[in-house]
Structure formats: structure tokens, C-alpha cells
Amino acid sequence: MSKLWIALSLLLALLAGCKDSSSGPAIPTVPVSVQINVGSLQYPELRQDGGYVYLQGGYKGIILIRQNANLYLAFERACPYDPTSTCPGIEADASNLFLIDKCCGSQFNFQGNVTAGPAVYGLRQYQTSLSGAVLYISN
């Protein structure tokens, strides 16, 4: 009986010690299906590398960044540090050198990676697909 008790105790200790460290932030998942014409006069910022626009969609909105003429990155604007805060979300800093959440102070580069905390996870990225001048954004 004592061996069974020890085995059960060890099993419980192992299970309690297991934690999924890759789970990431608890940003609510919402369906994303957005399409825009990147050559439209509505988006002049997307005509140059490093240009960005804010779009409707996602949980708190989407920031779309042009890396080059064939590559656009789309990120959720909810900060991974505190995604449910009442802050407006991730935005480009006035210097246009990085992205920031002005409430918690977390900073990210234009590829969505953390450059300053308290956030430890990068921005949630959405899939992009360019067909001619039409860019599709989805999850």
C-alpha cells in the first residue's frame, strides 16, 4: 500500500509541475478575414517600405506594415502583456522607429518582436497573402 501511495504522490507531483510555457498571452481569438487594395489612394502609407496603417479587425484592431513591395506583416494591436486592458492598443511610436503600448510601455520592432518589456511575448501575427494589388489578411 505504501508503494502505491508513493507512486501516486510522485505522479501528482509530476503533473503539478508540468506547465505549458509556450501558451503565450491570453489574447482572445476572433476570426480575421480582411482584404485591402494596397495600391489604393486610401493607403498612401503602404507605398513605401516601413509604411503602416491601422485596420479594423482582430480583437483590438490590426496594424499592417509594409516590409517591401511583396511582403506585408499584419499584427494584432492587443498588447501580449495585458491584452484585455482598456488601452487603445499597439501603435507606432512618434519616431516611427518602433511599436509601443503606451499603457504598459512594452516596445516591439516592426517585425513584431519584443524590444522592451514588461511584455515577454511578441505580437500576434496574422497571415498575409498578396495577389496582385489585393492583400488578404487572415488567421
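The structure contained in this document is the topic of the report that follows. Since we're looking at a predicted model, the values are computed, not measured.

## Description of the sheet that holds strand S5 (residues 91–92)
Read across the sheet, four strands follow the order S5-S6-S7-S8 without closing on themselves; strand pairing throughout is antiparallel. Each of the sheet's edge strands pairs with one partner strand only, and the pair in question is S5 and strand S8 (114–116).

## Observations concerning the pairing of strand S3 (residues 62–68)
The buried count for S3 comes to five of seven residues, which makes it a mostly enclosed element. Pairing analysis gives four bridges linking strand S2 (residues 52–55) to S3, with the strands arranged antiparallel. Within S3, the residue paired with tyrosine 52 across the bridge is isoleucine 65. Adjacent in sequence and paired antiparallel, S2 and S3 are bridged by six residues, among which glycine 57 carries a positive phi angle near 125°. Pairing between S3 and strand S4 (residues 71–76): six bridges, direction antiparallel. Of the residues in S4, the one forming a bridge with leucine 64 is alanine 74. Taken together, S3 and the strand that follows it, S4, pair antiparallel across an intervening segment of two residues.

## Some points on the sheet that holds S2
Pairing is antiparallel across the open sheet formed by six strands, whose spatial order is S1-S10-S9-S4-S3-S2. Looking at which strands have only one partner, the edges of the open sheet turn out to be strand S1 (33–37) and S2. Across the sheet, the mean angle from the axis of one strand to that of its neighbour is 25°, orientation sign disregarded.

## Observations regarding the state of the cysteines
According to the stated counting rule, one finds one disulfide in the structure shown. Each sulfur in the disulfide pair cysteine 87 and cysteine 103 lies 1.6 Å from the other. Taking the sign of the S-S torsion, about -120° here, the bridge from cysteine 87 to cysteine 103 comes out left-handed. One end of the pair, cysteine 87, is in the loop between S4 and S5; the other, cysteine 103, is in the loop between strand S6 (99–100) and strand S7 (107–108), and 16 residues separate them in sequence. Judged by relative accessible area, which is 10%, cysteine 87 ranks as buried. Free of any disulfide, cysteine 79 has its nearest cysteine sulfur in cysteine 104, 3.7 Å distant.

## With respect to the pairing of strand S9 (residues 125–131)
In this sheet, S9 lies alongside S4 in antiparallel orientation, the contact comprising two bridges. Bridge pairing in S9 links alanine 74 to tyrosine 126. Bridge count between S9 and strand S10 (residues 134–138): five bridges; the pairing is antiparallel. Across the sheet, the residue bridging to leucine 130 is leucine 135, located in S10. In textbook terms, the turn of a hairpin is the stretch between consecutive antiparallel strands, and for S9 and S10 this stretch comprises two residues, one of which, glycine 132, has a positive phi near 70°.

Calculation notes
Residues numbered from 1 in each chain as written. Predicted model: local features only at pLDDT ≥ 70, side-chain atom pairs only at ≥ 80, totals over all residues. Heavy atoms only, no water. Pairing = 2+ DSSP bridges. Helix = DSSP H or I, 4+ residues; strand = E, 2+ residues; numbered from the N terminus. Buried < 20%, exposed > 50% of the residue type's maximum accessible area, 1.4 Å probe, protein only. Axes fitted to C-alpha atoms, helices over the stretch in contact; angles between N-to-C directions. Disulfide = S-S within 2.5 Å.

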